[in-house]
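Tertiary structure, described
These are the residues of each chain, in order.
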Amino acid sequence: MPDIWPPDEPREVALTAGDASLAIDLRGGALRRLTVGGWEVLDGYPAGGTLPGRRGGVLLPWPNRIRDGRWTWEGEELQLEVASPSSPNAQHGLVTWQPWSVLAATGDTATVGTTVLPRPGYPFRLAAAIDHALTADRLTVTLRVRNDGDRRAPFGAGFHPYFAVGATEDGGIADAQVELPGRTEMLIDGGLPAGGRRPFDGAVGRIGDRAFDTPLTDLARDADGWARAWLRGAAGELELAVDEAWPWLLVYSGDTLPPGQRRRSLALEPMSCPAAALADGVDVVVLEPGETWAGTWTLSWTPAG
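Quick summary incoming for the structure in this document. Computed from a predicted model, the values in this text were never measured in an experiment. The residue count restarts for each chain, going from 1 along the sequence in the order it is written. Residues qualify for local features only when their pLDDT is at least 70, as the model is predicted, and side-chain atom pairs are given and counted only at 80 or more; totals for whole chains, interfaces and linings, by contrast, use all residues. With hydrogens and water excluded, all non-hydrogen atoms of the structure serve as input to the side-chain values.

Along the chain, Trp297 turns up in strand S27 (residues 292–303). Overall, Trp297 belongs to the buried group, its relative accessible area being 1%. A contact between two residues is defined here by any heavy atoms of the two lying within 4.5 Å. Filtering out sequence-adjacent residues up to four positions away, Trp297 remains in contact with Leu31, Leu139, Thr140, Val141, Phe159, Trp226, Leu240, Ala241, Val242, Trp246 and Pro270. Only runs of H or I of at least four residues qualify as helices and only runs of E of at least two qualify as strands under DSSP, and these elements are numbered from the N terminus. Buried, partly exposed and exposed residues are distinguished by accessible area as a fraction of the type maximum, computed with a 1.4 Å probe on protein chains only: under 20%, between the cut-offs, and over 50%, respectively.

Let us look at the nonpolar core. In terms of nonpolar packing, the biggest core is built from 73 residues, with Phe155, Leu180, Trp293 and Trp301 touching the most fellow members. Setting aside its immediate chain neighbours within four residues, Phe155 contacts Leu60, Pro61, Tyr122, Leu126, Val145, Leu278, Val284, Val285, Leu287 and Trp293. The set of buried Ala, Val, Leu, Ile, Met, Phe, Trp, Tyr and Cys residues whose side-chain atoms join them within 4.5 Å is what this entry labels a nonpolar core. Formed by 8 residues, the second largest nonpolar core is a distinct cluster that contains Tyr162, Leu250, Leu257 and Met271.

What follows deals with the pattern of salt bridges. Any carboxyl oxygen of Asp or Glu within 4 Å of a side-chain nitrogen of Lys or Arg constitutes a salt bridge here. With the rule as written, the count across this model stands at 21 salt bridges. Between Glu288 and Arg152 there is a salt bridge, with the nearest N and O atoms lying 3.2 Å from each other. Of the two residues, Glu288 is situated in the loop between strand S26 (285–287) and S27 and Arg152 in the loop between strand S13 (138–147) and strand S14 (153–155); the sequence distance between them amounts to 136 residues. Arg152 sits in the partly exposed class, given a relative accessible area of 32%.

Right, let's get into unusual backbone geometry. The omega torsion across Glu9 and Pro10 is -5 degrees, close enough to zero to call that bond cis. Cis rather than trans, the peptide bond between Leu60 and Pro61 has omega equal to 10 degrees. Tracing the sequence through the fold places Pro61 in the loop between strand S5 (57–59) and strand S6 (65–67). Residue Asn64 is not a glycine yet carries a positive backbone phi of 65 degrees. Assignment of secondary structure puts Asn64 in the loop between S5 and S6.

Once that is clear, we can look at the sheet that holds strand S4 (residues 39–40). The 4 strands lie next to each other as S1-S2-S3-S4, forming an open sheet whose pairing is antiparallel. Both outer strands of the open sheet, strand S1 (12–17) and S4, are each paired with one neighbouring strand and no more. As defined by bridge partners, strand S3 (residues 31–36) adjoins S4 across 2 bridges and the pair is classed as antiparallel. Looking across to S4, one finds that Val36 is bridged to Trp39. The criterion for strand pairing is that DSSP finds at least two bridges linking the strands in question.

Two elements, strand S10 (residues 101–105) and strand S11 (residues 109–116), share 4 bridges in a ladder whose sense is antiparallel. If you follow Ala104 over to S11, its bridge partner there is Thr111. Counting the residues between successive antiparallel strands, the hairpin from S10 to S11 contains 3 residues.

Let us now look at the sheet that holds strand S22 (residues 227–233). With antiparallel pairing, 9 strands are arranged side by side in an open sheet as S10-S11-S12-S13-S27-S23-S22-S17-S20. Because the sheet does not close on itself, it has two edges, and the strands there are S10 and strand S20 (205–206).

Pairing of aromatic rings covers Phe, Tyr and the six-membered ring of Trp, with a centre-to-centre limit of 6.5 Å; geometry is then stacked below 30 degrees between planes, edge-to-face above 60, and tilted otherwise. Taken as a whole and judged by the stated rule, the model has 8 aromatic pairs. With centroids separated by 6.2 Å and ring planes inclined at 25 degrees, the aromatic side chains of Trp71 and Tyr122 adopt a geometry described as stacked. Pair noted here: Trp71 is in strand S7 (residues 70–73) and Tyr122 is in the loop between S11 and strand S12 (126–134), with a separation of 51 residues, a long-range link. With respect to burial, Trp71 and Tyr122 carry one shared label: buried. Chaining the aromatic ring pairs together yields one cluster made of Phe155, Phe159, Trp246, Trp293 and Trp297.

Cavity and pocket criteria rest on a 1 Å grid covering protein atoms alone: a 1.4 Å probe that fits but cannot get out defines a cavity, protein on both sides within 12 Å along at least 5 of 7 lines defines an open pocket, and an atom within 4 Å of a point defines a lining residue. Grid points are joined across faces, edges and corners, and a volume is the space filled by probe spheres set on the points. Taken as a whole and assessed by the stated rule, the structure comprises 2 cavities of 30 Å³ or more. Considered as a void within the structure, the largest cavity measures approximately 50 Å³ in volume. What lines the largest cavity is Asn64, Met186, Ile188, Gly191, Asp213, Pro215, Leu250, Met271, Pro274 and Ala275. Breaking the lining of the largest cavity down by element, the ones donating at least two residues are strand S18 (184–189) and strand S21 (213–217). Amino acids are sorted into nonpolar (Ala, Val, Leu, Ile, Met, Phe, Trp, Tyr, Cys and Pro), charged (Asp, Glu, Lys and Arg) and polar (every other residue, Gly among them). Here the lining of the largest cavity is built from residues that sort into 7 nonpolar, 2 polar and 1 charged. Quantified by volume, the second largest cavity comes out at close to 30 Å³. Around the second largest cavity sit Pro181, Leu219, Ala227, Arg228, Ala229, Leu240, Ala241, Val242 and Leu249, which together line it. Within the residue set of the lining of the second largest cavity, elements represented by two or more residues are S22 and strand S23 (236–242).

These results come straight from atomic positions and should not be treated as a statement about function.
Set out below in structure tokens:
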């Protein structure tokens, strides 16, 4: 038999524009690293790493958790694989560990894609593509999803970037300042909806010892329909903007991460729906066969000094 093996390359895509450089991991489609000069804008992970805390991950066909992995669609009871006996929930979708392909690339743009195949617990077929465009002061990311199956397909989507503004040690995010667009907070317990909502004041200012694991909705938007969050620290200022396809933003300060990763950056996660959405029916996107959906977010940066 011939000594033939699956291809080992490429493992990632690299984009550059001015002083900005982006690495896209083709295992999971994750945003692995973003630097601007000497500023590590993303609190990412080394090449070949295992996405600790789902850093930079793509969350599809659902973000966050589904309680016990159980949900029902059109009368069909479905059971997803759960994370572990100690955390018996289905977490962060199905694409984190699967390969993505380069569909198109230039020096400062790239489109990567994958297919969510039908499987127990999620019997739907989705094509997914992510368009990235990098300039010297902005990253634009668009997720496109198409129903490639022969039945209606429900899904949710999200991204899980951790943003760094100068802190490198555990607890360092305390000195950063943040402004958030959310006006309503969903109450959660163990990352899952706890049955209520309450008003939220996004004018947080200095983070200090405040802990976030906070799903926000009712986002304040500009006349153009975009909602914006700002994070400022010693390294500079970041602005995250999300279009109307993302009605939720989860803010996570990393308090439950292992030592060496804890509270040194802030995750700002654009989401199309909250945790448990497939089970609870909250803001779930439903595509007819052949129908498409798209959502865009941008990250802009201004280095200090």
